[in-house]
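Structural overview
The residues making up each chain are set out below.
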Amino acid sequence: MTRSDEAARAAGRSEPIRVLIVDDHALIRRSLELALAAEADIEVVGEASDGQEAVELADRLMPDVALMDVRMPKLDGIGATRKIKESVPSTRIIMLTVSDEEEDLFEAIKAGATGYLLKDVQIDEVPDAVRGVHEGQSLINPAMAAKLITEFANMSRKEAERPPQLPVPRLTDREMEVLRLVAKGMNNREIAKDLFISENTVKNHVRNILEKLQLHSRMEAVVYAVRERLLEIT
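Residues numbered from 1 in each chain as written. Predicted model: local features only at pLDDT ≥ 70, side-chain atom pairs only at ≥ 80, totals over all residues. Heavy atoms only, no water.

The protein is annotated in an unreviewed UniProt entry as DNA-binding response regulator of Microbispora amethystogenes.

Structure below.
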């Protein structure tokens, strides 16, 4: 999608996307703030320098999206994400880190993060990332998705003997097809092309999946489906 397309969509929004920036380095916070301040459809509503401050600000400001550093003093980004998702579940969280280590990535998604950006990403890509997660996309690139799938498979093997504790909501065959493609790191447009359906239809399927499973993000749904053995990943 081009910048002009984004501008057109922004014009149709009645309220800007409210963003909280969380990083212990002032220079990084400033860079992110400058990148987002130029966007008419995005408003930076607060900044925090550690995880504990982020939790307090999120509870008070209720941002739509939080850009969250992984490694910070007092409370790290993963711990802060977990607490924010408990108190403000509607907030979509993008993790920011210099590392794409499997453990960090998996723990971030388990904590409730919607996306994951490396800090070497081009700064002008950040606004589109914010828009994407706000609209329900999971910001997971194919390489990261592959690492997640490996972790999911390991988790599935470890829990293979655990009996289901509650009845698992039933997903339709089409919803399962969509969920399998989400697990591969595909976005709505790619899923639509693969299944020969419209992008809006994909969005509806994803929304139905999340409602049935009572979850907030696409990757949470994948984790749940693997854990409950709805989805087998080899």
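Some remarks on the environment of Ala37
Looking at the element boundaries, Ala37 is found in helix α2 (residues 26-37). When the C-alpha positions of Ala37 and Pro127 are compared, they lie 9.4 Å apart, and in sequence the two are 90 residues distant. (Helix = DSSP H or I, 4+ residues; strand = E, 2+ residues; numbered from the N terminus.)

A few points about the layout of surface pockets
There is about 290 Å³ of room inside the second largest pocket. As for the second largest pocket, its lining consists of 17 residues, and the residues nearest its centre are Arg92, Glu135, Gly136, Arg207 and Leu210. Looking at which element gives the most residues to the lining of the second largest pocket, the answer is helix α10 (residues 199-213), with five residues. Looking at the lining of the second largest pocket residue by residue, the classes come out as four nonpolar, seven polar and six charged. (1 Å grid on protein atoms, 1.4 Å probe; cavity = no way out; pocket = protein on both sides within 12 Å on 5 of 7 lines; lining within 4 Å. Points joined across faces, edges and corners; volume = space filled by probe spheres on them. Nonpolar A, V, L, I, M, F, W, Y, C, P; charged D, E, K, R; others polar.)

Describing the environment of Ala66
You can see Ala66 is positioned in strand β3 (residues 65-69). We classify Ala66 as buried; its relative accessible area is 1%. Sequence-wise, Ala66 and Glu47 are 19 residues apart; in three dimensions their C-alpha atoms are separated by 9.5 Å. (Buried < 20%, exposed > 50% of the residue type's maximum accessible area, 1.4 Å probe, protein only.)

Concerning unusual backbone geometry
The phi torsion at Met62 lies on the positive side, around 50°, for a residue other than glycine. Its place among the elements puts Met62 in the loop between α3 (51-61) and β3. Unlike most non-glycine residues, Lys74 shows phi in positive territory, near 70°.

Quick word on empty space enclosed by the protein
On inspection of all chains with the given rule, the structure shows two cavities of 30 Å³ or more. By volume, the largest cavity amounts to about 50 Å³. Gln137, Ser138, Ile140, Val182, Gly185, Met186, Asn187, Arg218 and Met219 are the residues that line the largest cavity. Within the lining of the largest cavity, the residues separate by chemical class into four nonpolar, four polar and one charged. The space that makes up the second largest cavity amounts to roughly 40 Å³. Lining the second largest cavity, in full, are Val178, Leu179, Val182, Val206, Ile209, Leu210, Arg218 and Ala221. Mapped by element, the contributors of at least two residues to the lining of the second largest cavity are α8 (173-183), α10 and α11 (218-227). Along the lines of polarity and charge, the residues of the lining of the second largest cavity split into seven nonpolar, no polar and one charged.

Observations regarding α3
Of all the positions in α3, only Gly51, Ala54, Val55, Leu57, Ala58 and Leu61 are classed as buried. The backbone nitrogen of Gln52 lies 3.0 Å from a side-chain oxygen of the residue at the head of α3, namely Asp50. Looking one or two places after α3, you find Met62, whose phi comes out positive at around 50°. (Polar contact = N/O pair within 3.5 Å; in protein donor to acceptor, adjacent residues only side chain to side chain.)

As for the pairing of β3
Across the five residues that make up β3, a large majority, five, are buried. The two faces of β3 match: Val65, Leu67 and Asp69 on one face and Ala66 and Met68 on the other face are all buried. Two strands pair when backbone bridges link them, and strand β1 (residues 17-22) and β3 are joined in this way by four bridges, in the parallel orientation. What sits directly across from Val22, in β3, is Met68. In this sheet, strand β4 (residues 92-97) lies alongside β3 in parallel orientation, the contact comprising five bridges. (Pairing = 2+ DSSP bridges.)

Considering the side chain of Arg29
Looking at the element boundaries, Arg29 is found in helix α2. Classification of Arg29 by relative accessible area gives buried; the value is 15%. Residues within four places of Arg29 in sequence aside, it is in contact with Ile21, Asp23, Asp24, Glu47, Ala48 and Ser49. (Contact = heavy atoms within 4.5 Å.)

Focus: the UniProt feature "modified residue: 4-aspartylphosphate" (unreviewed entry) in the protein
UniProt records the feature "modified residue: 4-aspartylphosphate" (unreviewed entry) at Asp69, using the numbering of this structure. With respect to the helices, strands and loops of the structure, Asp69 is situated in strand β3. Judged by relative accessible area, which is 3%, Asp69 ranks as buried. Aside from chain neighbours lying at most four places away, what touches Asp69 is Val22, Asp23, Asp24, Gly77, Met95, Leu96 and Lys119. (UniProt positions renumbered as here; feature names shortened; annotations may be inferred.)

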